[in-house]
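Residues per chain are reported as follows:
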Amino acid sequence: MSLSALVEQFLKLHAEFHPVDATFMGLDGHDGRLPPADAGAIEQELSALQELRQEAEKITPGNSSAQRLEAKMLRAQIRVATQELEHRPRYHNPAWYTGETAFGLISLLLPSYPPRNPDDLRLRLGAIPDFLSSGQQWLANRAIPADWVQRANLECDAIIRLLEQGLKLHAFWSDKLESPIRTAIQSVRSFSASLENHPNANPACGGEYLEFLMREAHGLPFGPSEAEELALEGFERYKHELEAMAAELDASRDWREQLSLLENDHPALEDVIPMYERWNERALEAADGAGLVTPAKEYGLSFQTLPEWARSVAGDLYFLFYRSPPAGRASKGSVYWVFPPGNDVDGYLRGQNLAAIKITHVVHHGSIGHHTQNARARASEVRLGQLAGTDCASGIAMLSGGTMIEGWACYVQDLMGEAEGFYTPQERLVLKHAELRNAAMCLADLRLHRGTWGLEGMRAFYRDEVGMGGGRVWSETTRNSIYPATRLMYWLGTRAIKNLRRELDWGKKVFHDRLLSFGSVPVGWVAGELRSL
């Protein structure tokens, strides 16, 4: 079987067992389904993966960079999916069921071109009772981390608000939905009630599994021990730099006080969206004019207020303000939701202060950050590189895309500092704190899953050493505990890009354009290909 045929076979298998992912990825034919969760689901998927792995192992290295990267991605994703089912199956996590339920519906409500079929919404609503009933059977008498249960209960409340209130505000609403909605609400309440009195469990995945994910999924040349040393050194260095920068700006206030003042610097309500638009355009022009990278000017980005149907649910769900359209339904642009001022999501205000609008939303997520990276990924010759970075119900579709996706978005925050006059000195303080935070989160990811820290130790570190707000601390650490080796990919991906740029010493635009051309694949693997050019 050819490589391309094997890749399509893998995607077909992935869509069969992850139909909500398929909707987000634009793999049509699964929009009316929720994941299979019957008693034999694990064995069926493992058997299919094993057959596919045997075929994939026979593939000889290709003659092109795209073929070599495709083969590596395919093998890695098959192995990761297999190990996940054997070592840490999603069926044992209550938040998997609530996330798939919520975003099985939401994925059909998001803007899409061509539009989704409203009948699929009715079908997915009808699938909720059986899916959650199967979940109760998988979870019965099982020890579960208490924070996973809490997250699942919060998501159950959000799902009920979506069913009772949100759907009626969407264009897909019709009276035909009333009956399946009533039944779905009953099943969600039953699932939530079933989560009471579960024994608590340790959320750590263990050092061996963590090392597997780092080397196999992320293509890193080292494991947790070396990564922890690097992250600790980086954290201490950034902390000293942050303190020095703050002292130079205002010797009477430490960095925490100065950042707090910036957080309270908000635009007028009527100027929020125009400010997003202005800075997005300036970032595109500055990056292009300074020869940093070729920005995705051909692919539009429309800033719009979060729609009414989503406002009651966004706070308790993994509801992202920016989701790149499905690769199969990319059309000509993306919608970027702007959360209304005062809307508290995940414990922190989304996009209200001036520095956050500019750095987090415009640079990291919009303009030359995720927006440009996603646009370039869709044009990649690596099929899995086109799809791996798709944001799904709880994270990206394929973990192997992580170091490129998040590494790039964090890296470009600093890259824009090479465009003269783009940042103020105060914004550079915010950037330094972002570096500190990413190194800290890498360190915490490693220490939690190796068992060095428990969740409370991780949370104390975030609060006391990183200056993170309480609500965000809980949501971040709970998500980190569910998905090992995800938070480390931000800092390690950024570090890999910086090191590769210094090593190759090419022109800025040439280096960055070539780096992005392969799509969402591990930075380390792309580095090997770029070195051979």
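Cut-offs and rules
- Residues numbered from 1 in each chain as written.
- Predicted model: local features only at pLDDT ≥ 70, side-chain atom pairs only at ≥ 80, totals over all residues.
- Heavy atoms only, no water.
- Helix = DSSP H or I, 4+ residues; strand = E, 2+ residues; numbered from the N terminus.
- Rg over C-alpha atoms; globule rule 2.2 N^0.38 Å.
- Contact = heavy atoms within 4.5 Å.
- Areas by Shrake-Rupley, 256 points an atom, 1.4 Å probe, with all protein chains shown as cover.
- Core = buried A, V, L, I, M, F, W, Y, C linked by side-chain atoms within 4.5 Å.
- Buried < 20%, exposed > 50% of the residue type's maximum accessible area, 1.4 Å probe, protein only.
- Phe/Tyr/Trp six-rings, centres within 6.5 Å; stacked < 30°, edge-to-face > 60°.
- Salt bridge = Lys/Arg side-chain N within 4 Å of Asp/Glu carboxyl O.

## Concerning the overall build of the chain
- Looking only at helices and strands, the chain features 23 helices and four strands.
- Here the C-alpha radius of gyration of the chain, 22 Å, is about what a compact globule of 533 residues would show, namely 24 Å.
- With respect to the principal axes defined by its C-alpha atoms, the chain has extents near 60 × 55 × 45 Å.
- For the chain, long-range pairs separated by at least 24 residues make up 79% of all intrachain contacts whose partners lie at least 6 apart in sequence.
- For the chain, the accessible area works out to roughly 20,700 Å², and carbon and sulfur atoms hold 48% of it.

## Considering the nonpolar core
- Leu74, Tyr91, Tyr97, Phe319 and Met416 are the most contacted members of the largest nonpolar core, which has 130 residues in total.
- In this structure Leu74 touches Leu3, Leu6, Val7, Phe10, Ala56, Ile59 and Leu384, once residues within four positions along its chain are discounted.
- Formed by 47 residues, the second largest nonpolar core is a distinct cluster that contains Leu262, Met458, Trp491 and Leu492.

## Regarding the side chain of Arg459
- Of note, Arg459 is situated in helix 19 (residues 455–466).
- Residue classification places Arg459 among the buried residues on the basis of a relative accessible area of 4%.

## Topic: the packing of aromatic side chains
- What the rule picks out here adds up to 22 aromatic pairs.
- An angle of 65° between the planes, with centres 6.2 Å apart, marks the rings of Trp309 and Phe319 as edge-to-face. Taken together, the residues span a long stretch of sequence, with Trp309 in helix 13 (residues 308–311) and Phe319 in the loop between helix 13 and strand 2 (333–338) at a distance of ten residues. Side by side, Trp309 and Phe319 carry an identical accessibility label, which is buried.
- Their ring planes at 15° and their centres at 5.6 Å tell us that Phe321 and Tyr336 sit as a pair that is stacked. On the criterion of sequence distance, the pair formed by Phe321 in the loop between helix 13 and strand 2 and Tyr336 in strand 2 is long-range, its members being 15 residues apart.
- Overall, Phe321 belongs to the buried group, its relative accessible area being 7%.

## A word on the pattern of salt bridges
- Under the defined criterion, the tally for this structure stands at 39 salt bridges.
- A salt bridge links Lys498 to Asp414, with the shortest nitrogen-to-oxygen separation between them at 3.2 Å. Placement of Lys498 in helix 21 (residues 488–504) and of Asp414 in helix 17 (residues 402–415) is noted, with a sequence separation of 84 residues between them.
- On the basis of relative accessibility, which here comes to 23%, the residue Lys498 falls in the partly exposed class.
- Linked by salt bridges that have partners in common, Glu241, Asp414, Lys432, Glu435 and Lys498 make up one network.

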